[in-house]
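For reference, the chains in residue letters:
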Amino acid sequence: MTYFCYLESPIGRLRLQSEGSALTALELDPDAGPVVRGTEDPGVGVLPAAARQLAEYFAGVRRVFELPLAMRGTAFQERVWRALLEIPYGHTCGYGELARRIQKPSAARAVGMANNRNPLPVFVPCHRVIGADGALIGYGGGLERKRWLLALEGAPASNRLS
């Protein structure tokens, strides 16, 4: 069964989704896309914990999420997403560096595409990946959100948008 809930946050309205006991999606613009079928969460399962941990993160109290995640994608995408989980709070890395970390040094563009398909932004911190020159590039949720998230974490990044 798919469950969902909506919540307001400093980066806009969010839609959390779960299946079973794992979080499966976080939509940053839930009103902009197609309606996903499911049942609004009755307050049980992983969604209340996910909402609480997000609130703690946005308040600057939480640095690590402790939730079961179900990331579904290609083997390459899942490899990239697992590598994203290894980028610590307050740190950034470039797309090329992330490609090297997963032992695919020529796959920086593919890493960018995998980031774009990340079903759990914020929880799986694709916002921590920046251009090699420090520029804020390539965030599916919008560069202003990326800038906000990095500022919350005190992460180094260029002030210019590319």
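All figures in this text were calculated on a predicted structure; none of them were measured in a lab.

Participant: Pulling in residues and values, what's your account of the overall build of the chain?
Facilitator: For the chain, the count of helices and strands is five helices and six strands. When the elements of the chain are put in sequence order from the N terminus, they spell out β-β-β-β-α-α-β-α-α-β-α. Since a compact globule built from 162 residues should have a radius of gyration of about 15 Å, the 15 Å found for the chain is in line with a globular shape. The C-alpha extent of the chain, read off along each of the three principal axes, is 45 × 30 × 30 Å.

Participant: I'd love a proper account of the pattern of salt bridges, names of residues and values included.
Facilitator: Applying the stated criterion across every chain yields a total of 10 salt bridges. Across the salt bridge formed by Arg-101 and Glu-97, the nearest N and O atoms sit 2.8 Å from each other. With Arg-101 and Glu-97 both in helix 3 (residues 95-101) and four residues apart, this pair spans about one turn of that helix. A relative accessible area of 42% places Arg-101 in the partly exposed class. The class for Glu-97 is partly exposed, based on a relative accessible area of 30%.

Participant: Account for the nonpolar core, with residues named and values stated.
Facilitator: By size, the foremost hydrophobic cluster in this structure holds 39 residues, and its most contacted members are Leu-16, Leu-26, Leu-54, Leu-98, Val-122 and Phe-123. With six residues, the top contributor of residues to this core is helix 1 (residues 47-58). Excluding residues within four positions of it along the chain, Val-122 makes contact with Ile-11, Leu-26, Leu-54, Tyr-57, Phe-65, His-127, Tyr-139 and Leu-149.

Participant: Describe the packing of aromatic side chains, listing the residues and the values that go with them.
Facilitator: The description of an aromatic ring pair uses the distance of the two centres, along with the angle that the planes make with each other. Applying the stated criterion to the full structure yields six aromatic pairs. Members of the aromatic cluster, joined through ring pairs, are Tyr-57, Phe-58, Phe-65, Tyr-89, Phe-123 and Trp-148. Just above the ring of Tyr-6 sits the side chain of Arg-13; from NZ or CZ to the centre is 4.0 Å. Across from the ring centre of Phe-4, 4.3 Å away, lies the NZ or CZ of Arg-15, which sits over that ring.

Participant: So, the packing of helix 2 (residues 75-84) against helix 4 (residues 108-116): which residues are in play, and what are the values?
Facilitator: Interhelical geometry of helix 2 versus helix 4 gives an angle of 80 degrees and a closest axis separation of 9 Å. For the element pair helix 2 / helix 4, the angle class is roughly perpendicular. Along the contact surface, helix 2 presents Phe-76, Gln-77, Val-80, Trp-81 and Leu-84, while helix 4 presents Ala-110, Val-111, Ala-114 and Asn-115. Tallied by class, the residues present in the contact of helix 2 with helix 4 amount to seven nonpolar, two polar and no charged.

Participant: Residues and numbers for the confidence of the model for the chain, please.
Facilitator: Here the chain averages 90 in pLDDT, and 91% of its residues register 70 or above. Per-residue pLDDT, averaged within each element of the chain, yields its smallest value for strand 4 (residues 39-40) (73) and its largest for helix 2 (97).

The rules we used
- Residues numbered from 1 in each chain as written.
- Predicted model: local features only at pLDDT ≥ 70, side-chain atom pairs only at ≥ 80, totals over all residues.
- Heavy atoms only, no water.
- Helix = DSSP H or I, 4+ residues; strand = E, 2+ residues; numbered from the N terminus.
- Rg over C-alpha atoms; globule rule 2.2 N^0.38 Å.
- Salt bridge = Lys/Arg side-chain N within 4 Å of Asp/Glu carboxyl O.
- Buried < 20%, exposed > 50% of the residue type's maximum accessible area, 1.4 Å probe, protein only.
- Core = buried A, V, L, I, M, F, W, Y, C linked by side-chain atoms within 4.5 Å.
- Contact = heavy atoms within 4.5 Å.
- Phe/Tyr/Trp six-rings, centres within 6.5 Å; stacked < 30°, edge-to-face > 60°.
- Lys NZ or Arg CZ within 6 Å of the ring centre and 35° of its normal.
- Axes fitted to C-alpha atoms, helices over the stretch in contact; angles between N-to-C directions.
- Parallel < 35°, antiparallel > 145°, perpendicular 65-115°, else oblique.
- Nonpolar A, V, L, I, M, F, W, Y, C, P; charged D, E, K, R; others polar.
- pLDDT = per-residue confidence, 0-100.

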